[in-house]
Amino acid sequence: MPAETETITTDALDRRIMSALQFDGRASFRRIAQALGSSEQTVARRYRRLREAGILRVVVLPDPRASRESLFVRIRTAPGAAEPIGSALARRPDVSWVTLAAAGTEVMCALRADDPRDRDELVLKNLPRLSQVTDVSTASLLHVFAETGLQEWQGFDGRLDAQEIAALGARSRRHVPVRRTADDDALLAPLAADGRISYAALAAATGRNESAVARRVEALLERGMLFVDVEVAYALIGFRAAATLWLTVAPADIHRVGSEIALHPEVGFVGAVSGPASLVVAVTCRDTADLYRYITERLAPITAIRQHEVTVTVRHLKQAGTVMNGDRLPRLSP
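All figures in this text were calculated on a predicted structure; none of them were measured in a lab. (Residues numbered from 1 in each chain as written. Predicted model: local features only at pLDDT ≥ 70, side-chain atom pairs only at ≥ 80, totals over all residues. Heavy atoms only, no water.)

Q: Tell me what's going on with the overall build of the protein, and back it up with residues and numbers.
A: In terms of helices and strands, the protein carries 11 helices and 11 strands. Its C-alpha radius of gyration of 20 Å places the protein within 12% of the 20 Å reference for a compact globule of 334 residues. In terms of overall dimensions, the protein has a C-alpha envelope of 50 × 45 × 40 Å along the principal axes. Relative to its full complement of 334 residues, the protein shows a buried share of 52%. Taking as baseline every contact in the protein between residues at least 6 positions apart, the subset at least 24 positions apart corresponds to 78%. Total accessible area on the protein stands at roughly 15100 Å², and carbon and sulfur atoms take up 51% of it. On the protein, the mean spot of the 43 positive side-chain charges and the mean spot of the 40 negative ones are 3 Å from each other. (Helix = DSSP H or I, 4+ residues; strand = E, 2+ residues; numbered from the N terminus. Rg over C-alpha atoms; globule rule 2.2 N^0.38 Å. Buried < 20%, exposed > 50% of the residue type's maximum accessible area, 1.4 Å probe, protein only. Contact = heavy atoms within 4.5 Å. Areas by Shrake-Rupley, 256 points an atom, 1.4 Å probe, with all protein chains shown as cover. Lys, Arg positive; Asp, Glu negative; His and termini not counted. Charge placed at Lys NZ, Arg CZ, Asp CG, Glu CD.)

Q: Go over the side chain of Asp14 with me, naming the residues and quoting the values.
A: With respect to the helices, strands and loops of the structure, Asp14 is situated in helix α1 (residues 12–23). The residues touching Asp14, leaving out its near neighbours within four places in the chain, are Arg46, Arg49 and Leu50.

Q: Give a description of α1 that names residues and reports values.
A: In this model α1 runs 17 Å from its N-terminal to its C-terminal C-alpha over 12 residues, within 8% of the 16 Å that 1.5 Å per residue would give. Most of α1 is tucked away, with 9 of its 12 residues classed as buried. All buried positions along α1 are accounted for by Leu13, Asp14, Arg16, Ile17, Met18, Ser19, Ala20, Leu21 and Gln22. Here α1 starts with a cap whose side-chain oxygen sits 3.2 Å from the backbone nitrogen of Leu13, and that cap is Asp11. (Expected span 1.5 Å × (residues − 1). Polar contact = N/O pair within 3.5 Å; in protein donor to acceptor, adjacent residues only side chain to side chain.)

Q: Can you tell me about helix α3 (residues 40–52), naming the residues and giving the values?
A: Taking 1.5 Å as the rise per residue, α3 with 13 residues should run 18 Å; its terminal C-alpha atoms sit 18 Å apart, in good agreement. Structurally, α3 contributes buried residues whose contacts are with α1, α2 (29–36) and β1 (56–62). Among the residues trailing α3, Gly54 stands out with phi positive, at a value near 80°.

Q: So what's going on with the nonpolar core? Residues and values would help.
A: Judged by nonpolar contacts, the single largest core of 49 residues is most densely connected at Ile32, Ile55, Leu56, Leu191, Leu202 and Val217. Counting residues per element, the ones that place at least two in this core are α1, α2, α3, β1, α7 (182–193), α8 (199–206), α9 (210–222) and β6 (226–232). Beyond its immediate chain neighbours, meaning those up to four positions away, Leu191 contacts Arg26, Val59, Val60, Ile197, Leu202, Val217 and Leu226. The next biggest cluster of nonpolar side chains, apart from the first, holds 23 residues, and it includes Val257, Val270, Leu279 and Leu299. (Core = buried A, V, L, I, M, F, W, Y, C linked by side-chain atoms within 4.5 Å.)

Q: If you had to explain the environment of Arg208 to someone new, which residues and values would you point to?
A: Turning to its location among the elements, Arg208 is positioned in the loop between α8 and α9. Here the alpha-carbon distance between Arg208 and Asp14, two residues 194 residues apart in the chain, equals 35 Å. In this structure Arg208 touches Asp183, Asp184, Leu187, Ala203, Val213 and Arg216, once residues within four positions along its chain are discounted. At a separation of 3.2 Å, a polar atom in the side chain of Arg208 contacts the main-chain carbonyl oxygen of Asp183.

Q: Report on the pairing of strand β8 (residues 267–273), specifying residues and quantitative values.
A: With 6 of 7 residues buried, β8 is to be regarded as a mostly interior element. The pairing of strand β5 (residues 133–144) with β8 spans 3 bridges and is antiparallel. Bridge assignment links Leu141 to a residue of β8, and that residue is Val273. Here β8 runs beside strand β9 (residues 279–285); their pairing, made up of 5 bridges, is antiparallel. (Pairing = 2+ DSSP bridges.)

Q: Residue-level account of the pattern of salt bridges, with values.
A: Tallied over the entire structure, the rule returns 17 salt bridges. Across the pair Arg256 and Asp253 runs a salt bridge, and its minimum N-O distance is 3.4 Å. Relative accessible area serves as the criterion here: at 45%, Arg256 is assigned to the partly exposed category. When salt bridges with common partners are traced through the structure, they connect Arg74, Arg76, Glu106, Asp135 and Glu309 into a single cluster. (Salt bridge = Lys/Arg side-chain N within 4 Å of Asp/Glu carboxyl O.)

What follows is the structure, encoded as structure tokens:
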């Protein structure tokens with residue numbers, strides 16, 4: 001990320017609120033305040049400041065494990081072509097995140113392929129036809145490593161202790177796929193815009209009964225069809241070194257190593273994938289020195305890792321379902 005990126009000052013309470021939301025992005029301000037020993041009004045005010053500054057955003061999105069296939073796509077380009085190609089991909093609703101890497105000559109993205117024809121159209125036809133594209137490779141997501149829900153980055157200073165986490169409570173999740181309906185699809189746009197939207201507002205936006213909306217959203221969350229994601233504009237709070245790691249381990253070690261890495265606070269995502277690498281890992285550190293220490297001090301002792309490739313992120317174009325506004329998340333009105 002650019003060295004001149006603005007850093008916005010956050011204090012210990014701001015970071016603890018962000019950390020609490022990582023455990024449950026839809027937790028009430030009252031429950032967060034009780035867990036952190038603060039007041040509901042203070043927590044609500046701090047959250048709105050972070051949101052309006054473009055630092056933090058809570059979204060509710062389809063769980064990638066509920067898609068027929070989720071792909072990681074790596075696109076190598078001629079110099080100067082990566083950003084316009086990445087920006088075009090970021091506008092696609094079936095692309096969940098997009099980054100520029102390799103000094104701006106590589107685009108990486110995640111594609112949710114509910115319909116294989118959409119996947120084939122993009123990967124086999126559209127991208128290879130572009131004269132600026134020099135190579136396209138894909139890896140299918142086989143498994144996501146996380147104890148509850150999807151893995152969340154926990155690199156904040158002053159993370160919550162076990163008692164505070166227990167006070168927040170854990171959302172029950174059972175990955176039991178159910179068929180999504182047209183009524184469910186109507187819920188997705190408001191939830192993707194603001195994952196903390198009230199059930200009353202969601203009912204008004206969809207023209208449905210509030211209690212029915214609440215029951216259905218909670219059921220989709222519990223059954224793993226939707227997940228709550230907390231997007232953080234890492235550069236704005238001083239974390240400017242992001243990278244994707246492609247790790248190769250023996251098949252017998254994949255689950256053990258993936259589960260271990262998922263517990264590292266610097267890690268936001270770990271998945272088992274097809275292709276030459278066994279695991280893909282998203283890491284965010286303060287700077288390149290911290291990234292180096294992570295690789296040489298945290299990963300190096302895991303002797304089952306046979307090979308590794310580090311792809312340093314130049315810029316995030318899209319996080320989860322949100323197109324970035326430079327280094328900021330798009331602002332939401334209070």
